[in-house]
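Next come the chains, spelled out residue by residue.
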Amino acid sequence: QVQLVESGGGLVQAGDSLRLSCAVSGRTFSGYAMGWFRQAPGKEREFVAVISWSGGSGTRYAESVEGRFTISRDNTKNLVYLQMNSLKPEDTAVYYCARARSGYSGIYSNGYDRWGQGTQVTVSS
């Protein structure tokens, strides 16, 4: 059974950095794009970033985090990361790691079929 487990969330001040990690169990990591989404209180879940199976330049970001967040992956360890710099109060949300459906690497949540439980990120002003 596929399991995605996020870690690394916490309470930080505006301008600080955090690195989120997502550990993916089993053989289901190989060949799939991986994404990060977030959901703030009272808002819908939104796309943050996605990385293709091969990584490298195969990344895409939400406009709100472009230039501040970096997604990466270590295919030897079944890990996906989200490095978040220059955090803002509006980045406060529960962050979710997700595995894309086979052949998909886009920004829509219905293109992802496995989700972690989420990790809370709170940025104080």
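Located above this text is the structure these notes cover.
Residues numbered from 1 in each chain as written. Predicted model: local features only at pLDDT ≥ 70, side-chain atom pairs only at ≥ 80, totals over all residues. Heavy atoms only, no water.

A.B. asks: It is not clear to me how the pattern of salt bridges should be interpreted in this structure. Could you clarify?
C.D. replies: Side chains bearing opposite charge may pair, as long as their charged atoms lie close to each other. Considering all chains together, one arrives at four salt bridges under this definition. For Asp91, the salt bridge goes to Arg68, with nearest N and O atoms at 2.8 Å. Highlighted residues: Asp91 in the loop between strand E8 (79–84) and strand E9 (93–100) and Arg68 in the loop between strand E6 (59–61) and strand E7 (69–74), separated in sequence by 23 residues. Of the residues examined, Arg68 reaches a relative accessible area of 11% and is grouped as buried. In this structure, Arg99 engages Asp113 in a salt bridge whose closest nitrogen and oxygen atoms are separated by 3.0 Å. (Salt bridge = Lys/Arg side-chain N within 4 Å of Asp/Glu carboxyl O. Helix = DSSP H or I, 4+ residues; strand = E, 2+ residues; numbered from the N terminus. Buried < 20%, exposed > 50% of the residue type's maximum accessible area, 1.4 Å probe, protein only.)

A.B. asks: I'm lost on the side chain of Ser21 in this one. Help?
C.D. replies: Relative to the helices and strands, Ser21 is located in strand E3 (residues 18–24). Excluding residues within four positions of it along the chain, Ser21 makes contact with Val5, Glu6, Ser7, Trp36, Val80 and Tyr81. (Contact = heavy atoms within 4.5 Å.)

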